[in-house]
Structures are given as C-alpha cells and as structure tokens.
Amino acid sequence: MGYLKNLKLILLVALLPLGFLSCTSLSSISIDVMRPAEYSVPPDLLSAVVLDFSYPHSGDSVHKLIINGVTTPIDTVRIDDFGLRVANSMALELDNRMFFDSVYLHPVSLNKPPAGRPGIQLSREQIADIIDEYNAHLVIAVEDVSYNTEVKVIDLGGYYYSTLDAFGEVLWRIYDRYGDVLDEYLQNDSIYWDNRDTQYSSNLSAMPSLRNSVESLADFMGRYYPDRISPFWEKQRRYYYSSGHHLFSRANDLIKAHNWESAARVWYYVFEEGNKKQKAISAFNIALSYEIRGDFAEAAAWADKSRALFQDLGSFSASSLDVERANRYYNELNERIKEAEKLQEQVGLGL
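The rules behind the values
Along each chain, numbering runs from 1 in the same order as the chain's sequence is written. Only residues with pLDDT of 70 or above have their local features reported here, since the model is predicted, and side-chain atom pairs are shown and tallied only from 80 upward, although totals for entire chains, interfaces and linings are computed over all residues. Values reported for side chains reflect all heavy atoms of the structure, with hydrogen atoms and water molecules removed beforehand. We count a stretch as a helix when DSSP gives it H or I for four or more residues in a row; a strand needs E for two or more, and each element gets its number in order from the N terminus. Here, expected helix span is obtained from the residue count minus one, scaled by 1.5 Å. Remark: exposure states derive from per-residue accessible area (1.4 Å probe, protein chains only) relative to the maximum for the residue type, with buried under 20%, exposed over 50%, and partly exposed in between. Whether two residues touch is decided by their heavy atoms; if any such pair falls within 4.5 Å, the residues are in contact. Nitrogen and oxygen atoms within 3.5 Å of one another constitute a polar contact, given that in protein one can donate a hydrogen and the other can accept it, and given that sequence-neighbouring residues count only through two side-chain atoms. Take a side-chain nitrogen of Lys or Arg and a carboxyl oxygen of Asp or Glu: if they are within 4 Å of each other, that pair is a salt bridge. Values of pLDDT, ranging from 0 to 100, describe the predictor's confidence in every residue of the model. Under this scheme, a helix contributes an axis fitted over its contacting stretch, all axes are lines through C-alpha atoms, and angles between N-to-C directions fall in the 0 to 180 degree range. Note on angle classes: values under 35 degrees are labelled roughly parallel, values over 145 roughly antiparallel, values of 65 to 115 roughly perpendicular, and the remainder oblique. Left-handed describes a crossing whose near helix is turned anticlockwise from the far helix by less than a right angle; the clockwise case is right-handed. When the centres of two rings from Phe, Tyr and Trp lie within 6.5 Å, Trp using its six-membered ring, the rings pair. Their planes under 30 degrees apart give stacked, over 60 give edge-to-face, and anything left gives tilted. Each ring is checked for a lysine NZ or an arginine CZ that lies within 6 Å of its centre and within 35 degrees of its normal; such an atom marks a charge sitting over the ring. Points on a 1 Å grid, built from protein atoms alone, make a cavity when a 1.4 Å probe fits but cannot get out and make a pocket when they are open with protein on both sides within 12 Å along at least 5 of 7 lines; residues with an atom within 4 Å of a point are the lining residues. Grid points are joined across faces, edges and corners, and a volume is the space filled by probe spheres set on the points. Residue classes follow a fixed rule: Ala, Val, Leu, Ile, Met, Phe, Trp, Tyr, Cys and Pro count as nonpolar, while Asp, Glu, Lys and Arg count as charged, and any other residue, Gly among them, counts as polar. Residues qualify for a patch when their relative accessible area is over 30% and they have no salt bridge, like charges being joined within 9 Å and the nonpolar side chains of Val, Leu, Ile, Met, Phe, Trp and Tyr within 5 Å. Using the Shrake-Rupley algorithm and a 1.4 Å probe, accessible areas are obtained, with residue cover drawn only from the displayed protein chains. As used throughout, the charge tally considers Lys and Arg to be positive and Asp and Glu to be negative, leaving His and the chain termini uncounted. Here the site of a charge means NZ on Lys, CZ on Arg, CG on Asp, or CD on Glu. Here, nonpolar core means buried Ala, Val, Leu, Ile, Met, Phe, Trp, Tyr and Cys residues that are tied together by side-chain atoms lying within 4.5 Å of each other.

Draft legend 1. Structural view of helix H8 (residues 296-313). Spanning 18 residues, H8 covers 26 Å between terminal C-alpha atoms, matching the ideal 26 Å at 1.5 Å per step. Those residues of H8 that fall on the buried side of the exposure criterion are Phe296, Ala299, Ala300, Trp302, Ala303, Ser306, Leu309, Phe310 and Leu313. Looking at the buried residues of H8, the elements they touch are strand E9 (232-241), helix H6 (260-273), helix H7 (276-292) and helix H9 (320-347). Among the residues trailing H8, Gly314 stands out with phi positive, at a value near 80°.

Draft legend 2. Examining H7 more closely. Here H7 spans 25 Å end to end across 17 residues, near enough to the 24 Å set by a 1.5 Å rise per residue. H7 sits mainly inside the fold: 13 of its 17 residues count as buried. Its side-chain oxygen at 3.1 Å from the backbone nitrogen of Lys277, Asn275 defines the N-terminal cap of H7. Gly294 lies just past H7 and shows a positive phi near 90°.

Draft legend 3. Quick look at the pattern of salt bridges. Counted under the stated rule, the structure contains 22 salt bridges. Across the pair Glu150 and Lys152 runs a salt bridge whose closest N-O atoms are separated by 3.8 Å. The class for Glu150 is partly exposed, based on a relative accessible area of 22%. Among the charged side chains, a network of salt bridges with common partners joins Arg35, Glu234, Arg238, Glu291, Glu332, Arg336 and Glu339.

Draft legend 4. Seen up close, the confidence of the model for the protein chain. Mean pLDDT over the protein chain works out to 88, with 89% of the residues at or above the 70 mark. Contacts from residues 1-22, a stretch scored under 50 in pLDDT, to residues over four places away or in other chains number nine contacts. Low pLDDT (under 50) marks residues 198-202, which in the prediction has 10 contacts with non-local residues, meaning those over four places away or in another chain.

Draft legend 5. Region of the structure containing the packing of H6 against H7. Between H6 and H7, the least distance of the axes is 8 Å, while the angle of their chain directions is 160°. Classified by the angle their axes make, H6 and H7 are roughly antiparallel. As for the relative orientation of H6 and H7, their crossing is left-handed in sense. Residues Trp260, Ala264, Trp267, Tyr268, Val270, Phe271 and Glu272 of H6 touch H7, and the partners they reach there are Gln278, Lys279, Ser282, Ala283, Asn285, Ile286, Leu288, Ser289 and Ile292.

Draft legend 6. Region of interest: the packing of aromatic side chains. If you walk through the whole model with that rule in mind, you get 14 aromatic pairs. Relative to Tyr225, the ring of Trp172 lies with its centre 3.9 Å away and its plane at 10°, an arrangement referred to as stacked. Linking Trp172 in strand E7 (residues 160-176) with Tyr225 in the loop between helix H4 (210-224) and E9, this pair joins segments that are 53 residues apart in sequence. The pair formed by Trp172 and Tyr225 is uniform in burial state, with each residue classed as buried. Every member of this aromatic cluster is reached through a ring pair, and the members are Tyr241, Phe284, Phe310 and Tyr329. Between the NZ or CZ atom of Arg293 and the centre of the ring of Tyr290, over which it lies, the distance is 4.5 Å.

Draft legend 7. Broad picture of the side chain of Asp52. Relative to the assigned elements, Asp52 resides in strand E2 (residues 47-52). We classify Asp52 as buried; its relative accessible area is 0%. At 2.7 Å, the side chain of Asp52 and the side chain of Ser109 are in polar contact. When residues no more than four places from it in sequence are discounted, the contact partners of Asp52 are Gly83, Leu84, Ala87, Val108, Ser109, Leu110, Lys112 and Val142.

Draft legend 8. Examining the layout of surface pockets more closely. In this structure, the second largest pocket occupies an estimated 160 Å³ of space. The set of elements that each furnish at least two residues to the lining of the second largest pocket consists of E9 and H9. Per element, the largest residue contribution to the lining of the second largest pocket is four residues, and it comes from H9. Across the lining of the second largest pocket, the residue classes tally to three nonpolar, no polar and five charged.

Draft legend 9. Structural context of a negative patch on the surface. Negative charge collects at one region of the surface, where Glu125, Asp129, Asp132 and Glu133 lie side by side. Its location among the elements puts Glu125 in helix H3 (residues 124-134). On the basis of relative accessibility, which here comes to 55%, the residue Glu125 falls in the exposed class.

Draft legend 10. Looking closely at the nonpolar core. Of all hydrophobic cores here, the largest spans 39 residues; its most connected members are Phe82, Phe100, Ile140 and Ile229. Elements supplying a minimum of two residues to this core: E2, helix H2 (82-97), strand E6 (138-155), E7 and H4. When sequence neighbours within four positions are dropped, the list of residues in contact with Phe100 reads Val41, Leu45, Leu46, Ser47, Ala48, Leu94, Leu138 and Ile229.

Draft legend 11. Here's a closer look at the packing of H2 against H4. Put simply, H2 and H4 touch, their axes get as near as 7 Å, and they point 35° apart. For the pair H2 and H4, the sense of crossing is right-handed. Contact residues: H2 offers Phe82, Arg85, Val86, Ser89, Met90, Glu93 and Arg97, while H4 offers Val214, Glu215, Leu217, Ala218, Asp219, Met221, Gly222 and Arg223. Broken down by class, the residue content of the contact of H2 with H4 amounts to seven nonpolar, two polar and six charged.

Structure, rendered in structure tokens:
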C-alpha cells in the first residue's frame, strides 16, 4: 500500500512540469519586414541608367551532360544576349520598387563583337555620354558575365532521375557622372530543376532546354540584384502566446481586429498581476505589439524582460523552446534596430 502511495507521488511530481508547460499555446502571424540594401546609394542620386557592357561568354565545357557518371561536354549553345537579358530584368525590377525617381534601360549592348573586347570596363567618356543622353545621375552596368549548366541523368533501375543546374556570375559596377566607381559587386546565383521518368526513356520533357534554362537564369539574376542597392520587403513569421491567462482570449479578439495597442494593454495587466510564467509570456507578446507598431527599441526592451523571466523560471516551469524563442526574438529585434538606422539613411524611414 505504501509502495503504491509512493508511486503515485512520484508520478504526480513527474507530471507537474507537463501541467505547467501545457497551459500555454502559441499562435503565429505573417508580417512584412523592410530590409535595407547592402549598399547605400547616396540619397541625392535619383535616377539611373542600366546597361550591358559585357562581352559574350565563351569557354570550354560551358554545358555538361553527365549520364551515370560519364561526362559529355555540349558547347554548341551560346546565349550572346545573356548580359542584356540580365540588365533588362534588373531595370524592370528596380523600376517596380520605385526606389529611384527614374530608371532607364539602354536597349543596346555596348561591348559586342566585332568591335568589343573581353575584360574591359566603361570609359569615363562613355559614361558621360550616357549620363547626358538620359539626363541621369548614375550608370549601373553589367560588365562581365559567365554561365554554365550541368545536366545529370541517373539510372535508378526502372526509371531515370535527372537534374539540371544552371550557374551564373555577373560583375556589376555603379558609376557616378564623373566615371568614378561607387560600388562593385560580383553576383553568383544558380537555379535548379529535376525530373523523374517512371519508365526508361530519353524523354526529359519536364526539363527546360539548355537555352531556356540559361535565359531563365539571366532573368532570375537580374530580378535579385536590386536587393544589393534597394530596400526590399520580406515576409517573416512571428509568434505570440494565445493562452496562459483567461484574459488572453480578449487580447486574441483584439488582434483579429488589428488593435495591437489595446491587446498590449491586456497583456500589460496580466504582466502586472500574473505569476512569473504569465509575466514572461505577456512580456513576449507586448514586445511583438511594439514591433508591429514600429517601435523596435521598446519591443527589444520587453523581449529582454521576457527572456530574463523565462531563464529565471528554469526547466520546471518553462521549456527550453520558450527560452530559445525569447532569445532569438530579442536578437531579431536588435537587428531591426540596426537596420532601421540604415533604412533611415537610405529612404528616410525608420521602418
């Protein structure tokens, strides 16, 4: 009898942490976060001309076909307008972002055979002429390109598995009206396709042709280069505690109405009146409310309170995931504070 009583006591003590840990639940929302560009274009430079000054890429083994480990080069496919495609895609994306007042695309490549030569860059005279022609402040030039593809086909006994990787490298330079280089950047990117044929055949219809794959790569690289010089929006997921106190149901209703300020008042009341665990989760939610409202410094201060409370609780009342989540969120908010300073420099907004 005493043995059973002791066993029940042991089980009760063992299950107590589970009771504490199960009384809270998480919900999530998606938010738009503005990220600063890597390079800050001087704010008085408001218009740009995008152009292609690359020499057509050529070389040995530009395209490789690898069948069961045996490599065969295919060098008959050339994309001589690769640089112009990159420039065109980039100009469209940069214009859509409305970071510059005006974005122009020079429609003709300026370093093509027979007059062009590999390995050279725009001269000051050429830059001055382009700037004058478009009445612009900057020239953004594609000055060197390379690409290659690799197609792999593997016999897996009953079907073929094939992959196509396309790799590209683009050298970008930004010039001011005097021909001085403001920024130089070597972009490396790749895109990927795969296909599984259920029967033995040479049918790779689900895969693009080599030409189409390289053209898609050029468009892809052009679309993503503006992240280098223009702020961009990024989707991120944020978490909050939707239970843990009976008043959280009221806060949840306010969140559905996008009333984060009133929800924060509810959480603040719980923070003042609740136990340590309720204080920790309320502080975490209050931090999110301040981030949503654009006050990153106040958000970080509340996230710091939350992580300190979670750490003090220990594993008996808070899971390691709670502690890790609070630490990660605090670090993310401090990163947003730094980024807000850079965004202020780039677009005049502390977002």
